[in-house]
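# Architecture and fold: a report
The chain contents come next:
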Amino acid sequence: MNRESAPETAHRPPSEGKTLFRAWRHGDLVSDILVRLSSIGVVVLVGSIGYELWTHSAESRLAFGLRFLVTAQWDPALKQVFGALPFIQGTLVTSLVALVIALPMGLGTAIFLAEMAPAWLRQPVGFLVEMLAAVPSVVYGVWGLFAFIPSFVFPLALGLRDSLGFLPVFAGPVFGPSRLAASLVLAIMILPTIAAVSRDVFSAIPQAQREAALALGATHWEMISQVLVPYGLSGFLGAAVLALGRALGETMAVTMVIGNTLDLSPSLLHPGYTMASLIANEFTEATGNLYLSALIEIGLVLFFITLILNFLARLLVWRVSRRAAGEVRV
Amino acid sequence: MNRGTLSEELGRARAGQRKTVNALMLGLCVVMTLLAVAPLLWILIYVIHKGGSEITWTFFTNLPTPVGIPGGGIVNALVGSAETVGLGLVVSAPVAVLAAFYAASHPDSGLGLALRFATDVLSGVPSIVMGIFAYTLIVLPMRRFSAFSGGIVLGFIMLPTIIRTTEEMLRLVPNSLREGSLALGAAEWRTSLSVLLPAAANGVLTGVMLAIARAAGEAAPMLFTAFGNPFFSTALNQPIATLPLTIYSYAISPYSDWKAKAWGAALVLIMLVLVLNAAARGLVWWRARRLGGQLR
């Protein structure tokens, strides 16, 4: 690793020369060390998250191995058998349904913000969308539990059961707190992420692409759907992956609206459990080391999944901005 | 000639269809945007409607009361939130600003890339996982839930936000400013301290405000670090109440007067968070206009 980049060395004033400020001979060295130490500290912090989760879940990892991920039994009371399958299923189902709902809405919002809205409207609408991301998770939970479920989710669930009840995903009795409620709240929570990243992807697309499409006689929508969307496709995928990562780890709001019930049925109308809500509910009540280390292992799984998803998302978004900065693709 | 008119004919029919599709899809985008913004307004109106009546002077000055006894407040949660967020800020802000200086000046070195990756990961790690980390790191060795561990975990959560905004602002500082300072004979460290840092001060402030807003709303990692406390406490080595924890425990309680308190506390929290976010955005906008750059 080269410790100094070339231009900096060139700018560096002679340490013995006349200086405007009182010179402190070791100032550069000390500030360099401080800055480096802080950076190393941040990197080490991330490494130690993985390390701590790994070592503290050792007992559970040794006891159950990879079966932990595919066993549907969670019995802390009697047999001390732990399998994370129901929670992994609950997390994946709620997050994916949320993504399916939020993706078109987020894209539509991004198109409005980047391609349609007049300049005076962009700032205020963009501001409102960003405020949606700022609302604390626990407030979403309170609102979801007392307002959103009774006046929106429950009637919707009844309607779905009555019209599409023959499908396994909409079967069974209707509960208030349910996977559907969690999915809808998650969709609202990840929508700003999708909208913000997609808006930036749209703005990174060179203007020439738009002008070329319009010059060929495309309508506004044809320009968006046939030129801009294919051009920024990997960026929109990145936005979706990033949002998925957010949804997987979301805790408080989900815990408050999902019902926290072990249930392996495929129905969205049933209450469920996610990895994050399980940790939130049982962590402080975990008695015994095996129980606690099983919960920490679930945290480890969450950590790895979000690590991979974040990496993938950055890669996808980066591909668009790199291409946009270079030549126009023909 | 004949073929030409035919295709013109077809073209005209198709043009009408294309225009309809265009209007339909663009209209749909407007509807999507309205639907996206609607929940925010619903939440705001509902929380204000439900929580507004709770907001009295005693709500801010009194301790929580048992079920059925009126006049309870959330002063312990307010103090606890201030204490944990403040501790997190003191721990994270200096490190974050220093790291941002490194990230802005060495973006392509090995450590610079590692730092960028680490910052991305940190902002992506679910806060509940952060809570487990702080639990194994601090709560287990101390053998007790504590305000200290809550503050530290909030500090971890604040790090990436402050690093990012500070770094972005540092990159906006015109290079001529830095070169001018160096040309006048100031050392690198003096330039950083007296020229770059003041120029990027708004970025630091923006990052700090966004970080406070995010940390103040975190409940998940506090469940098993700060833990919550129905009594008044400022001790760092004791469990402490925070605003989000109070909202959570009151909201899932079966008592209607506690639920009402949850609404009141939610109103206080959401106002705090929105005002901080709005102020942070205003600062960025103002600064970016002055520096003539573009910021997200």
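Residues numbered from 1 in each chain as written. Chains lettered and ligands numbered in written order. Predicted model: local features only at pLDDT ≥ 70, side-chain atom pairs only at ≥ 80, totals over all residues.

A few words on the overall build of chain B. Tallying secondary structure elements over chain B gives 11 helices and zero strands in all. Ordered by position from N to C terminus, the α and β elements of chain B give α-α-α-α-α-α-α-α-α-α-α. What you see for chain B is a C-alpha radius of gyration of 26 Å, clearly larger than the 19 Å of a compact globule of 296 residues, by over 25%. Principal axes of the C-alpha set define a box for chain B whose edges measure 90 × 65 × 35 Å. Here chain B holds 296 residues, and the buried ones make up 51% of them. Considering only residue pairs separated by 6 or more positions, chain B has 73% of its internal contacts joining residues 24 or more positions apart. (Helix = DSSP H or I, 4+ residues; strand = E, 2+ residues; numbered from the N terminus. Rg over C-alpha atoms; globule rule 2.2 N^0.38 Å. Buried ≥ 20, exposed ≤ 12 C-beta atoms within 10 Å, placed from the backbone. Contact = placed C-beta atoms within 7 Å.)

It is worth spelling out the overall build of chain A at this point. Helices and strands together make up the secondary structure of chain A, namely 13 helices and two strands. In summary, chain A has a C-alpha radius of gyration of 25 Å against a globular reference of 20 Å for 330 residues, an excess of more than 25%. Dimensions of chain A, computed from the C-alpha atoms along their principal axes, are close to 80 × 60 × 35 Å. Going through the 330 residues of chain A one by one, you find that 47% of them count as buried. Summarising the internal contacts of chain A: among those between residues at least 6 apart in sequence, 76% fall at separations of at least 24.

Right, let's talk about the interface of chain B and chain A for a bit. Taken residue by residue, the interface counts 77 residues in chain B and 79 residues in chain A. If you tally residues by element for the side of chain B that touches chain A, the top one is helix α1 (residues 2-51) of chain B, at 19 residues. When the residues that make up the side of chain B that touches chain A are grouped by side-chain class, the tally is 56 nonpolar, 13 polar and eight charged. (Nonpolar A, V, L, I, M, F, W, Y, C, P; charged D, E, K, R; others polar.)

On to the domain arrangement of chain B. All names here are of chain B. According to the domain assignment, chain B contains domain 1 (2-53) and domain 2 (58-291). Each side of the interface is counted separately: domain 1 has five residues, and domain 2 has five residues. In terms of residue class, the side of domain 1 that touches domain 2 is built from two nonpolar, two polar and one charged. (Domains from an automatic or database assignment.)

Running from amino to carboxyl end, helix α6 (residues 137-164) of chain A crosses helix α10 (residues 243-251) of chain B at an angle of 20°, the nearest separation of the two axes being 9 Å. In terms of their interaxial angle, α6(A) and α10(B) are classed as roughly parallel. The handedness of the crossing between α6(A) and α10(B) comes out as left-handed. Mapping the contact onto sequence places A:V138, A:G141, A:V142 and A:L145 in α6(A) and B:P244, B:I247, B:Y248 and B:A251 in α10(B). Grouping the constituent residues of the contact of α6(A) with α10(B) by class yields seven nonpolar, one polar and no charged. (Axes fitted to C-alpha atoms, helices over the stretch in contact; angles between N-to-C directions. Parallel < 35°, antiparallel > 145°, perpendicular 65-115°, else oblique. Left-handed = near helix turned anticlockwise from the far one by under 90°.)

So, on to the nonpolar core. One finds A:V139, A:V185, A:I194, B:I247 and B:A266 to be the most contacted residues of the largest nonpolar core, which totals 193 residues. Each of domain 1 (2-53) and domain 2 (58-291) of chain B gives at least three residues to this core. In this structure, A:V139 is in contact with B:I43, B:V47, B:A266, B:L269 and B:I270, ignoring residues within four places of it in sequence. (Core = buried A, V, L, I, M, F, W, Y, C linked by C-beta atoms within 7 Å.)

All names here are of chain B. Here helix α6 (residues 147-172) crosses helix α9 (residues 201-216) at 155°, and the two axes come no closer than 8 Å. Taken together, the axis directions place α6 and α9 in an arrangement best described as roughly antiparallel. Seen along the crossing, α6 lies across α9 with a hand that is right-handed. On the side of α6, the interface is formed by L154, I157, M158, T161, I162, R164, T165, T166, E168, M169 and L170, while α9 contributes N202, G203, V204, T206, G207, V208, L210, A211, R214 and A215.

Time to look at α6(A). For α6(A), with 28 residues, the first-to-last C-alpha span of 31 Å runs short of the 40 Å given by 1.5 Å per residue. At A:I149, α6(A) shows its maximal bend, which comes to roughly 70°, and the proline A:P150 appears one to four places after that position. (Expected span 1.5 Å × (residues − 1). Bend = angle between axes of the 7 residues up to and from the residue.)

Turning to the environment of B:Y46, a few remarks are in order. Within the fold, B:Y46 resides in helix α1. Separated by 217 residues in sequence, B:Y46 and B:W263 have C-alpha atoms that sit 9.2 Å apart. Aside from chain neighbours lying at most four places away, what touches B:Y46 is A:W143 and A:A147.

A separate point is unusual backbone geometry. Residue and element names in this part refer to chain A. A positive phi angle is found at Q80, which is not glycine, with a value near 55°. Note on placement: Q80 falls in the loop between β1 (74-75) and β2 (81-82). With 12 C-beta atoms packed within 10 Å, Q80 lands in the exposed category. At N260, a position not held by glycine, the phi torsion is positive, near 50°. Structurally, N260 can be placed in the loop between α11 (252-257) and α12 (275-282). Residue N260 is classed as buried on the basis of its C-beta count, with 20 C-beta atoms lying within 10 Å.

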